[in-house]
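Residue-level structure breakdown
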Amino acid sequence: MLCFLSALASSKDLPLYFYGDMSSNEWHGAIQGLLEANVQGKFLRLNYKLMHKTDLDDVKADKPYAVISSLSPVELRQALLANPQIPFLNVGSISEHFSSLCAPNLFHIRPHPSALDAAEAAWKTKDGSGIKAVLWHRSFKKYAAAQLNKRYEKNTDRYMTSESWAGWASVKLFSDTLARNGLESEISAVHFLKNRLAFDGQKGKDLFFDDLNYLAQPLLLISGDKIVGETNTSQILSAESGSSSCK
Amino acid sequence: MKLILAITAVIFATNAMAATNRAFVSNERSDTVSVIDILTNKVIKTVQVGKRPRGVGVSPDGNEVYVAISADNAIAVLDPVKMEVIRTFASGDDPEAFAIHSNGNLYISNEEDAMASVYDPKTGALLATIDVGIEPEGVAVAPDGTRVAVTSESTNLVHIIGVPEHTIQNNVLVGARPRSVVFSNDSQIIYVTAEIGGEVKKIAADTGNLIKKTTLPDENAKPKDVLLSRDGKNLYIAGGRANKIFILDAESLDHKNSIPVGKRVWGLALSRDGSTLYTTDGLDHQVTVIDTKSEKVKAVIKVGKFPWGIALDD
């Protein structure tokens, strides 16, 4: 018991701030991500703390390790620019206004809208029916997705949605980044996320941030609430989206 | 001392049965084990074992075959001669893979419990539990019996556990989704496969320090099982959706050869003399038999649906 307490005492607390609705799927997903990050953290003496916040001035004052947010680009702009060393992980929906907010420390968990459109259009060409491209679905089973769905349902009494997957992924990919990069590394977390991320999102591939800092990932194609296909990746080149690179 | 060893050897010889020369293949979606006569490469019996059979292994004395029946939360015990289930015992939630210590105990990864458990298969008694990461899978016992390694797929760690105290000595961060692990013949090194990045790492077992790493030369490679040749010079790696076995130099991790096999190859077993490698090719519902000297396929055997693990009594 003494050894256990001693190990706990030497764990490093790592605050992550969350801005957004606490009743949202994104929040519940992030909590699931926190539980899983702290299983890894237990063995590496890292203790992640997810703290719900409303005042963006707290970022500059407290300097959390990362900010997870579903706020609009207008709300985020000032805090983003004032804290270039802190990664902001956007788990909210992607509006066109984000393209004017191409900050190097802003990372989007959801794909660029043009990637979703392209995935749906490509499938419609083959199939002709109504198809929706999504990040996640409760019936996804491959790559141990079934186990993630089961863990999430057990803990939250909800199905994992694209929104909850985004919240889960934001905490998991950041915690894995900190674990791999180390707390004293000369490489910043922003640099690591942009250039070295190889995240297992339980989608069967290394996930990474593309030129525009959108998480490149396989998408699921849904028709009639059933998975009918998967895309290889949602990666787009900056030229294809009509935007300039954030690099 | 010599007399004691001689008596022990006689007792062991008396208790151990002659090898049946059979392979036991768990078919994940048929709920069966296919028994193959490895002298003829024919399936001689299919045994109903329970729901979702995955890990499979033969006891050190060759008297029993163990099968993890994941959806039944149990281990089925087969008689390798009669080829029938003789008993089952509860093994904690969702046993996936296991390794067998030379003392006969099973080290089991319990996928849904983030736990490794130790069972005496003769009595079904739970001897110890060890907290590990999420979705533990690969388990290996060091040949000298002093350590066990367990991979946790969703936590990206390999846990090195001391035996008999069953405490974790090192937690080593490895590539995404580590699925299998094997010790070197001298117990000093572990080799770990990581599925997502197609990565293999060579790690010092005592310190947990990385010695070397490599990425398999195929973008479709999602490595699962890893085995060492009997002489310790080659690593055999099941390449998953690359549909190949990769052969690496165990010292340098340089790629030496690739052998095409069936689709989504996961399971591996090596004959006692090292001359024959067996693979389970899940999506083709088959076992491929490879001659390790020529590195050529010499037989393909159809088994049940989605074969997962394979163990030899030879």
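Refer to the structure above for everything that follows.
This text gives an overview of the structure that appears in the document. Worth saying up front: this structure is predicted, and the values here are computed from it rather than measured. Numbers given for residues are sequential positions, taken from 1 along each chain in its written order. In the order they appear in the text, chains get letters beginning with A and ligands get numbers beginning with 1. Only residues with pLDDT of 70 or above have their local features reported here, since the model is predicted, and side-chain atom pairs are shown and tallied only from 80 upward, although totals for entire chains, interfaces and linings are computed over all residues.

Brief notes about the interface of chain A and chain B
- Contact between residues is assigned whenever the C-beta positions, reconstructed from backbone atoms, fall within 7 Å. Listed per partner, the contact involves 14 residues of chain A and 16 residues of chain B.
- The secondary structure listing takes helices from DSSP runs of H or I that are at least 4 residues long and strands from runs of E that are at least 2 residues long, numbered from the N terminus. If you list the elements that add at least two residues to the side of chain A that touches chain B, you get helix H2 (25-44) and helix H7 (162-181) of chain A.
- With 5 residues, the top contributor of residues to the side of chain A that touches chain B is H2(A).
- Amino acids are sorted into nonpolar (Ala, Val, Leu, Ile, Met, Phe, Trp, Tyr, Cys and Pro), charged (Asp, Glu, Lys and Arg) and polar (every other residue, Gly among them). For the side of chain A that touches chain B, a count of residues per class yields 6 nonpolar, 2 polar and 6 charged.

Re unusual backbone geometry
- Note the cis peptide between Val163(B) and Pro164(B), where omega equals 15°.
- With respect to the helices and strands, Pro164(B) occurs in the loop between strand E14 (157-162) and strand E15 (168-173).
- The backbone of Tyr143(A) shows a phi angle near 55°, a positive value even though the residue is not glycine.
- By secondary structure assignment, the location of Tyr143(A) is in the loop between strand E6 (132-134) and helix H6 (145-156).

Looking at the nonpolar core
- Joined through C-beta atoms within 7 Å, a set of buried Ala, Val, Leu, Ile, Met, Phe, Trp, Tyr and Cys residues constitutes a nonpolar core. For the exposure call, what matters is how many other C-beta atoms sit within 10 Å of a residue's own: 20 or more marks it buried, 12 or fewer exposed, and in between partly exposed, using C-beta atoms placed from the backbone. Membership of the largest hydrophobic core comes to 92 residues, with the highest contact counts inside it found for Val67(B), Tyr107(B), Ile190(B), Ile237(B) and Ile245(B).
- Discounting chain neighbours no more than four positions away, the residues touching Val67(B) are Ser26(B), Val33(B), Val49(B), Pro53(B), Val56(B), Ile75(B), Ala76(B) and Leu78(B).
- By size, the runner-up hydrophobic cluster in this structure holds 60 residues, among which are Leu80(A), Ala115(A), Leu207(A) and Ala216(A).

Let's talk about the sheet that holds strand E17 (residues 189-194) of chain B
All names here are of chain B.
- Read across the sheet, 4 strands follow the order E16-E17-E18-E19 without closing on themselves; strand pairing throughout is antiparallel. Each edge of the sheet is formed by a strand with only one pairing partner; in this case those strands are strand E16 (178-183) and strand E19 (210-215). With direction set aside, neighbouring strand axes in the sheet form an average angle of 15°. Between any two strands, pairing holds if DSSP finds at least two bridges. Angles shown run from 0 to 180 degrees and are taken between the N-to-C directions of axes, each axis being a line fitted to C-alpha atoms and, for helices, limited to the stretch in contact.

Focus: the pairing of strand E1 (residues 22-27) of chain B
Residue and element names in this part refer to chain B.
- Of all 6 residues in E1, 6 are buried, a share of seventy percent or more.
- Burial along E1 is two-sided: the face carrying Arg22, Phe24 and Ser26 and the face carrying Ala23, Val25 and Asn27 are both buried.
- Taken together, E1 and the strand that follows it, strand E2 (residues 32-37), pair antiparallel across an intervening segment of 4 residues, in which Asp31 is found at a positive phi of about 60°.
- Relative to strand E28 (residues 307-313), E1 is paired through 5 bridges, and the arrangement is antiparallel. Along E28, the bridge assignment pairs Arg22 with Asp313.

Regarding the sheet that holds strand E1 (residues 12-19) of chain A
Residues and elements named next belong to chain A.
- The 5 strands are arranged E2-E1-E3-E4-E5 in an open sheet whose pairing can be described as parallel. In this open sheet, the two strands that pair with only one neighbour each are strand E2 (46-53) and strand E5 (106-108). Strand-to-strand twist across the sheet, computed as the mean angle between neighbouring axes with direction ignored, equals 25°.
- Here E1 pairs with E2 via 8 bridges, running parallel. For Asp13, the partnering residue across the bridge sits in E2 and is Asn47.
- Relative to E2, H7 is tilted by about 140°, and along the sheet it contacts E1, E2, strand E3 (66-69) and strand E4 (88-90).

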